[in-house]
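If you want the building blocks of each chain, they are given just below.
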Amino acid sequence: MPLTCPTASGGSRSIRNLKPLQFIVCALLVVGSLGQVNAQSDSTILFDSAMNALAPVTSLLAADHKYDNGERIDLSWIPSIDDQPVNGKITGYGVYRLTNAGNPALIADLPSGSSTFSDDNVEPGSDYSYYIVARSAYESAVSVRTAPLSPQREWLNLNRGFLFLIAALISAAVIYFVQSAKRGKKLFVRKISGLEAIDDAVGRATEMGRPVLFIPGIHDMDDVQTLAALTILGRVSRTIADYDTKIFMPVARSLVMTAARETIKASYQAAGRPDAYSDDMVSYVTDEQFGYVAAVDGLMVREKPATVFLLGSFFAESLILAETGNSVGAIQIAGTARPAQLPFFIAACDFTLIGEELFAASAYLAGEPRQLGSLKGQDVGKAVAMVVIVVGALAATLGEAWDISFMQNIYHWLSSVFSSN
Amino acid sequence: MRRLIPLAITFVVGTVLIVSVFTPPLENIERTFTLFFDIIAVFAFFLGGGNLLRVHISKLRRRKQDWGFSVVTIVGFLGMLMIGLFKLGGSGNIAAPVDETGSLFYIIFDAVLVPLQSTMYSLLAFFVASASYRAFRAKNREATLLLIAAFVILLGRTPFGTMVSGWIPEWLSIAQIPNLAIWIMNSPNLAGQRAILIGIGLGVISMSLRLILGIERSYLGDDNA
C-alpha cells in the first residue's frame, strides 16, 4: 500500500507526488501527530493552498466545575496560533465529547477567539473526555484529547460560605431581637409618615363618602412585594371595617384575588362586622399589564376614590395609575421595592414607602413586639453594610492612591466575598 | 388547622429554599417549586375568569353605569377564549401553538391588543410631563436640588448641552454638562439606588423570616399575628 498524505478535498495524495518542501512538512506533521495519540485517530491533517497546516488548539484542560451538583465540566484552551483577529484563518471551533470512551459527538460550535466552554450536560458517574477541532474555510486541526474525567457532586457550595455567614448573622440578629421583644424589652422604631397617614387617609374616605382603592401591584403571590402588600391590606381593611368605608381592590392575578378576599374577610370578622364583607370588594381584571391599567384608571375616574393605596410590584404602569389617582383628587399612599418606579411615586403620590419601608409596614402597623423585633434585627444588617462600605471605600481609595498592596488586597477580598455566587 | 397547614407549608418550603442556595444537589428545587406554583396559578385562573364574568354579567343585568363596557369585556373575553381553544383560522393543526402566525388569535392579538397596549403605554409620556411639572417646582431646597439635577441631566443628554459647555477647558471637564450628567447618574444617583437596594435586601430577609417563622400571618387572613 503506497504511503499517502491527506488533502483538503478529503482524498489523499501519494508522497511520491509531493514536492520536497511538501514532503518535509508532511513528514513533520505526521511525526508530530504521533504524540497526539488517540485524539488524532479520526483526524485529518490537511493542507491549505499555501501548504501550511492549520495549528490546533493547545493546552486543552478539562476540570470538574467546583461546588456544583456534578452537572458541569469546564474546558479551557489556548486558541490556535492561526486564530488571529486580523487575517486569521480560524473560522470556529468544534467541541467534541466522548462519553465512557464511546464515539465522539459534536456538542458545541464556537466562534473563533473562543478559549473556554462549559459542558453542563454531564452527570456524575460517567467518564467524559474532550477534544477541540479548529476549523478554517478549507481544513481542520484536532487537539489532544483530555484524560477521562468524571464530574463530582458536592454537598456544600463553599463559594457561598461568606454569604451564608452574613445571612446567618442577620437572621440570628432578627431572632435575637424578636426574643428580646417577647421578653418585654422596649424597642425604638422610627416614625414612618406614610404609615402614620393610613388612618387619616381611610378617615378622609369615610368623611367624604367615597371608597378606598387598594392596588397590590401586578405580580403574583410568589413576589414578596405582593405578600407585603397583602399584609398591609390586612391592617388597612381592619380600619376600613371599623370605619364602615367601601373598598375596591382590582387585581391582576387570580391567586392574589383569593388571598386578598381571605385577608379582607378576616379583617371584617376581627372587626365584628362579617356581614359587611362582600366578595365584590376584590375583583379580578386581567393578567395583561396595560389592560389592567385601563380598567383601574376607568374605575378611578368613575368611582373617584378618596384614598388610593399603590403597594406592591409595579412597572411602567406606576405613573399612569398614580397620576390618574392624583387627577381625581385622591390622597395616595404608595410603596414599592422597585427603585426605578420610586421616583414616579414620589412625584405623584402624597406618601411613598421606599423599599424596606414596604416590608416593615405590616410590623409597624401591628405594633406587636415580636414583629417590631424583626425590624430591629435589620439594623444589624445595616451596620454590617455600613462598615463594609466604609472599609471598602477606604481600602480602594488608599490602595489605589498610594499603591498600598495590603489595602488593595482588602478591597479585592471584600469584592470577592460580596460578589461571589 | 386552617391556619396551621399553610404555616407548616410556608415553613418547610421557605427552609428548603434557603438550604438549597447553599446545597448544590438542591439548587434546582426552586425551579420545581416555581413549576408547582405555575400549575396552581393555572387552576386559579378559572376562579379569576369566573369572577370576571360574574361581575360583568351582574353589571349588565342591573344596567349599572357604563354597562356597555361590560358587553365589550364579555364578548372580548369569551371570543378570544373560543378562538384560542379551537384554534380558529390557523393551519388547522390542533397541535399548533395558539399564537401561530396567521391564526385568528394571532391576528386579533397583533391588530387589536398590541395597538391598545401601545396606546396605554404612550399615555405615559403625558403623565411624565404633568408629574415632572409638579415635582420640579422649586418649593423648597430639596425640590430645587432635584430641579437643578434634572435640568443638568436633560441638557447633558442633548447636543445642546455639549454646545453650551464645550468652551470649558479640559482640566475642568467635569463641569461640562454631559460629563456632569454622567457624574450625577453614576455617583449620587447610583449610590442612592444602591442604598435603597441594600435596604430592600435586608427588608426581604426580615420579612421572609417573619413569614417562615409564622410571626407574620396577616396575609393568611389572620389578624391575630
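Here's what I pulled together on the structure shown here. (Residues numbered from 1 in each chain as written. Chains lettered and ligands numbered in written order. Predicted model: local features only at pLDDT ≥ 70, side-chain atom pairs only at ≥ 80, totals over all residues.)

### Comments concerning the interface of chain B and chain A
Moving on, step 1. With 54 residues of chain B in contact, the opposing surface of chain A contributes 67 residues.
Moving on, step 2. Mapped by element, the contributors of at least two residues to the side of chain B that touches chain A are helix 1 (4–22), helix 2 (29–61), helix 4 (104–135) and helix 7 (177–212) of chain B.
Moving on, step 3. Take the side of chain B that touches chain A: its biggest share by element is 16 residues, from helix 7 of chain B.
Moving on, step 4. Along the lines of polarity and charge, the residues of the side of chain B that touches chain A split into 33 nonpolar, 14 polar and seven charged. (Contact = placed C-beta atoms within 7 Å. Helix = DSSP H or I, 4+ residues; strand = E, 2+ residues; numbered from the N terminus. Nonpolar A, V, L, I, M, F, W, Y, C, P; charged D, E, K, R; others polar.)

### Observations concerning the environment of L106 of chain A
Residues and elements named next belong to chain A.
Moving on, step 1. Residue placement: L106 occurs in strand 6 (residues 104–111).
Moving on, step 2. Taking the C-alpha atoms as reference points, L106 and V95, 11 residues apart in sequence, are found 5.8 Å from one another.
Moving on, step 3. When near neighbours in sequence (up to four residues on either side) are disregarded, L106 contacts G94 and Y96.

### Let's talk about the pairing of strand 8 (residues 128–135) of chain A
Within a regular strand, side chains alternate between the sheet's two faces.
Residue and element names in this part refer to chain A.
Moving on, step 1. Counting buried positions along strand 8 gives seven out of eight residues, so the element sits mostly inside the fold.
Moving on, step 2. Alignment of strand 5 (residues 92–99) against strand 8, held across eight bridges, turns out to be antiparallel. By the bridge assignment for strand 8, Y93 is matched with A134.
Moving on, step 3. As judged from the three bridges shared by strand 8 and strand 9 (residues 140–142), these two strands associate in the antiparallel manner. Bridge assignment links R135 to a residue of strand 9, and that residue is S140.
Moving on, step 4. Counted between consecutive antiparallel strands, the loop separating strand 8 from strand 9 contains four residues. (Buried ≥ 20, exposed ≤ 12 C-beta atoms within 10 Å, placed from the backbone. Pairing = 2+ DSSP bridges.)

### Some remarks on helix 8 (residues 317–327) of chain A
Moving on, step 1. Buried residues dominate helix 8 of chain A, accounting for 10 of its 11 residues.
Moving on, step 2. Within helix 8 of chain A the residues assigned to the buried category are E317, S318, L319, I320, L321, A322, E323, T324, G325 and N326 of chain A.
Moving on, step 3. Those residues of helix 8 of chain A that are buried lie in contact with strand 10 (212–217), helix 7 (289–303), strand 13 (307–313), strand 14 (331–336) and helix 9 (342–348) of chain A together with helix 4 of chain B.
Moving on, step 4. Remark: G329 of chain A follows helix 8 of chain A within two positions and exhibits a positive phi of approximately 80°.

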